[in-house]
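Fold and contact review
Below, each chain spelled out in residue letters.
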Amino acid sequence: ALGRRFAQAAAPMNDGFSGIYGLSPADGEYGALFEPFLAGASGRHLILCHPGTADDTVTHADVRGGEYAFFKSPAFQAALTRHDLSVKRLTETLP
């Protein structure tokens with residue numbers, strides 16, 4: 001329903017979505033989790049993420065710290081390169 005409303009309004013939106021996981025240390029290293037989020041991504045794919053620092057006061061701060069560390073690391077760019085992807089603003093992907 002929301003997608004139709006965006007289409008009717010000719011509003012830009014993502015054309016794919018991934019990034020859901022349990023926000024638990026038991027899920028493993030974020031870098032290993034991230035790789036499947038990229039599989040099949042193209043165009044205006046949106047990946048849910050919520051990086052933070054390990055000293056955040058939320059209950060899943062250690063997981064957010066792992067996301068932040070991954071995005072700051074060379075492994076993030078290497079993963080994007082393996083999938084021929086890059087990070088862009090939505091407006092940069094429009095015709």
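Look a little higher up for the structure.
Quick caveat: nothing in here was measured; it's all calculated off a predicted structure.

1. Brief notes about the overall build of the protein chain
When helices and strands are tallied, the protein chain shows four helices and two strands. Scanning the protein chain from its N terminus toward the C terminus, one meets helices and strands in the order α-β-α-β-α-α. In the protein chain, once contacts between residues fewer than 6 apart in sequence are set aside, the share between residues at least 24 apart is 58%. Accessible surface, the protein chain: about 6500 Å² in total, of which carbon and sulfur atoms supply 58%. Charged side chains in the protein chain number 8 positive and 10 negative. The centres of these two groups are separated by 12 Å.

2. Thoughts on the nonpolar core
Listed in full, the 12 residues of the largest apolar core are Tyr21, Tyr30, Leu33, Phe34, Phe37, Leu38, Ile47, Val63, Phe70, Phe76, Ala79 and Leu80. Among the elements of the structure, helix H2 (30–38), helix H3 (61–72) and helix H4 (74–82) are those that each provide at least two residues to this core. Per element, the largest residue contribution to this core is five residues, and it comes from H2. If we ignore the near neighbours within four places in the chain, the residues touching Ala79 are Glu35 and Leu38.

3. Topic: the environment of Thr53
One can find Thr53 in the loop between strand S2 (45–47) and H3. Among the residues examined, Thr53 registers a relative accessible area of 34% and is labelled partly exposed. If sequence neighbours within four positions are ignored, Thr53 has contacts with Ala61 and Gly65.

4. What about the packing of aromatic side chains?
If you walk through the whole model with that rule in mind, you get 13 aromatic pairs. Each ring, one from Tyr30 and one from Phe71, has its centre 5.6 Å from the other, and the planes form 70°; the classification is edge-to-face. Separated by 41 residues along the polypeptide, Tyr30 in helix H2 and Phe71 in helix H3 bring together distant segments of the chain. A connected cluster of aromatic rings, assembled from ring pairs, spans Tyr21, Tyr30, Phe34, Phe37, Phe70, Phe71 and Phe76.

5. As for unusual backbone geometry
Here the phi dihedral of Leu23 falls at roughly 50°; this positive angle occurs in a residue that is not glycine. Mapped onto the fold, Leu23 is located in the loop between strand S1 (16–18) and H2.

Conventions and cut-offs
- Residues numbered from 1 in each chain as written.
- Predicted model: local features only at pLDDT ≥ 70, side-chain atom pairs only at ≥ 80, totals over all residues.
- Heavy atoms only, no water.
- Helix = DSSP H or I, 4+ residues; strand = E, 2+ residues; numbered from the N terminus.
- Contact = heavy atoms within 4.5 Å.
- Areas by Shrake-Rupley, 256 points an atom, 1.4 Å probe, with all protein chains shown as cover.
- Lys, Arg positive; Asp, Glu negative; His and termini not counted.
- Charge placed at Lys NZ, Arg CZ, Asp CG, Glu CD.
- Core = buried A, V, L, I, M, F, W, Y, C linked by side-chain atoms within 4.5 Å.
- Buried < 20%, exposed > 50% of the residue type's maximum accessible area, 1.4 Å probe, protein only.
- Phe/Tyr/Trp six-rings, centres within 6.5 Å; stacked < 30°, edge-to-face > 60°.

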